[in-house]
Amino acid sequence: MSLKKLFTAAALLLAPALAFAHPGHGDNGLVAGISHPLGGIDHLLAMVAVGLWAAQQKGAARWALPCTFVGTMLIGGVLGFEGLALPALESGIAASVLALGLAVALTVRPPLFVAVGATALFALFHGVAHGLELPDMSNPWAYAAGFVGATAVLHAAGYAVVRFLPAAAAPLVRVAGAASAATGVWLLAG
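Numbering of residues starts from 1 in each chain and follows the order in which that chain's sequence is written. Reporting of local features is limited, given that this is a predicted model, to residues whose pLDDT is at least 70; pairs of side-chain atoms are given and counted only at 80 or more, and all residues count toward the totals for whole chains, interfaces and linings. Only heavy atoms go into the side-chain values, all of them from the structure, while hydrogens and water stay out.

Looking at an unreviewed UniProt entry, one finds the protein named HupE/UreJ family protein, with Pseudomonas tritici as its source organism.

A. The arrangement of the UniProt feature "transmembrane region" (unreviewed entry) in the protein in detail. Mapped onto this numbering, the UniProt entry gives "transmembrane region" (unreviewed entry) at residues 37–56, 63–81, 87–105, 112–129, 141–162 and 169–189. This span, residues 141–162, is 100% helix and 0% strand, and a straight line between its end C-alpha atoms measures 32 Å. Each helix is a run of DSSP H or I of at least 4 residues and each strand a run of E of at least 2, with the numbering of both proceeding from the N terminus. Secondary structure content for residues 169–189 is 95% helix and 0% strand, while the C-alpha to C-alpha distance between its ends is 31 Å. UniProt positions are given in the numbering used here, feature names are shortened, and annotations may be inferred rather than shown by experiment.

B. Quick peek at the packing of aromatic side chains. Stacked, tilted and edge-to-face are the three classes applied to pairs of Phe, Tyr and Trp rings, where Trp contributes its six-membered ring and a pair requires centres within 6.5 Å; stacked means planes under 30 degrees apart, edge-to-face means over 60, and tilted covers the rest. In total, this model carries three aromatic pairs according to the counting rule given. Taking the centre distance of 6.0 Å and the plane angle of 90° together, the rings of Phe81 and Trp141 count as edge-to-face. Residue Phe81 is located in helix α4 (residues 61–81), and its partner Trp141 is located in helix α7 (residues 140–164); the two are separated by 60 residues in the primary sequence. Relative accessible area decides the class of each residue, using a 1.4 Å probe on protein chains only: under 20% of the type maximum gives buried, over 50% gives exposed, and in between gives partly exposed. The exposure class of Trp141 is exposed, given its relative accessible area of 55%. Measuring from centroid to centroid gives 5.5 Å for Tyr143 and Phe147, while their planes differ by 75°, and the two rings are edge-to-face. With Tyr143 and Phe147 both in helix α7 and four residues apart, this pair spans about one turn of that helix. Comparing Tyr143 with Phe147, the two get one shared label, buried. Here a set of aromatic residues connected by ring pairs shows up, and it is made of Phe81, Trp141, Tyr143 and Phe147.

C. Structural context of the nonpolar core. In this text, buried Ala, Val, Leu, Ile, Met, Phe, Trp, Tyr and Cys residues form a nonpolar core when linked through side-chain atoms within 4.5 Å. Membership of the largest hydrophobic core comes to 26 residues, with the highest contact counts inside it found for Trp53, Phe69, Met73, Leu100, Val104 and Phe147. Counting residues per element, the ones that place at least two in this core are α3 (41–56), α4, α5 (89–105), α6 (112–132) and α7. Broken down by element, this core gets its largest block of residues, seven residues, from α3. Not counting chain neighbours up to four residues away, the residues in contact with Phe147 comprise Gly33, Ile34, Pro37, Met73, Gly77, Phe81 and His130. The next biggest cluster of nonpolar side chains, apart from the first, holds six residues, and it includes Leu86, Leu89, Phe125 and Ala129. Contacts are assigned to residue pairs with any non-hydrogen atoms lying within 4.5 Å of each other.

Listed below in structure tokens is the structure:
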């Protein structure tokens, strides 16, 4: 897929949100779901890092990591809708920013089951947080569609950065991973 096609697909996925860019539409769930991963630095960094890390992998891990994250995050979202609260939820999310940032910075390539397991654990924390923060009067399934769609677009953006930039830009990706890891440390400390 060319970079142009990828950005076109991302624009089409986010286009419905543009209609709600001005006040007065109320909260229908979809817009809130799209904005949740985009509005918090912790979610934003983790979602992009999954895409960056997936693109640094070989073989099945390239698609397994983002798919695992999205699927497990959706399960976590449903659990959050039902009121499940994980202990140390915010710390788990901050730890995911740290760990995923380090994985990108160090270009870690663990066995597939380790990478998928870690990704699923991180996704569960993010999903439960999304589910618990469902706005009042929102349609939970529209909200879920929004946060799943936004997450997939952020994964794709991270993946595209690694796959379509020249090899000479690889150190910049690693620096971005280190910056994400540093943000994770800051979030854990705060």
